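# Descriptive analysis of the structure
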Amino acid sequence: MALKSNYPIAIPADSRGYTHRLCPDCAIKFGIKSINKDFPDTVYCPYCDKNGALTDFNVPEQFDYATKEGLRQIEYDVMKELQSSMSRALRGSKSVKFKPATIRHKPAPVLEQSVIPTDMICTSCKGFYEIYGIASRCPFCSTEDIKILDANLALIEKELDSD
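## As for the pattern of salt bridges
For the structure shown, the criterion picks out six salt bridges. We note a salt bridge from Arg88 to Glu81, for which the minimum N-O separation is 4.0 Å. Since its relative accessible area comes to 42%, Arg88 is described here as partly exposed. Between Arg137 and Glu144 there is a salt bridge, with its nearest N and O atoms 4.0 Å apart. Taking relative accessible area as the criterion, Arg137 reaches 22% and is therefore assigned partly exposed. The structure contains a network of salt bridges with shared partners spanning Arg16, Asp119 and Glu130.

What follows is the structure, encoded as structure tokens:
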């Protein structure tokens, strides 16, 4: 068995099903959910409309998670390969016996994500996403949505009432 050269790692969603994103331009977080559709190859920042690959919008915690998860998978494969090599090398030896132990997968790391407060559903593409504060565009299709503008107005009114 040769070690893999590629370890696919899925980024887990938060407790409400959202995966968090961070715009590389304006540095504001938002979340997207893939209930009714797959994640697109290109996403849009709902705040500044920056577009790019989904992975361009990963938050730092996702990079840490992916690194830990990748190392966990590699460690498991290395241990399996080492056991297999030792078994082959010592097969037939009368003076040395090798009994491989059970290799257990370590538990996957936990990705801690904060809650992003405003849930949205795009009226154009039906994409689920969440935003902090004021935004105007859907991260799936970049459409300006009247529901977003209404939510922004309600947020502004709430802020004004609290002052």
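Next comes the rest of the description.
## Quick look at the side chain of Glu130
Along the chain, Glu130 turns up in strand 6 (residues 128-131). Only 2.3 Å separates the side chain of Glu130 from the side chain of Arg16, close enough to count as a polar contact.

What counts as what
Residues numbered from 1 in each chain as written. Predicted model: local features only at pLDDT ≥ 70, side-chain atom pairs only at ≥ 80, totals over all residues. Heavy atoms only, no water. Salt bridge = Lys/Arg side-chain N within 4 Å of Asp/Glu carboxyl O. Buried < 20%, exposed > 50% of the residue type's maximum accessible area, 1.4 Å probe, protein only. Helix = DSSP H or I, 4+ residues; strand = E, 2+ residues; numbered from the N terminus. Polar contact = N/O pair within 3.5 Å; in protein donor to acceptor, adjacent residues only side chain to side chain.

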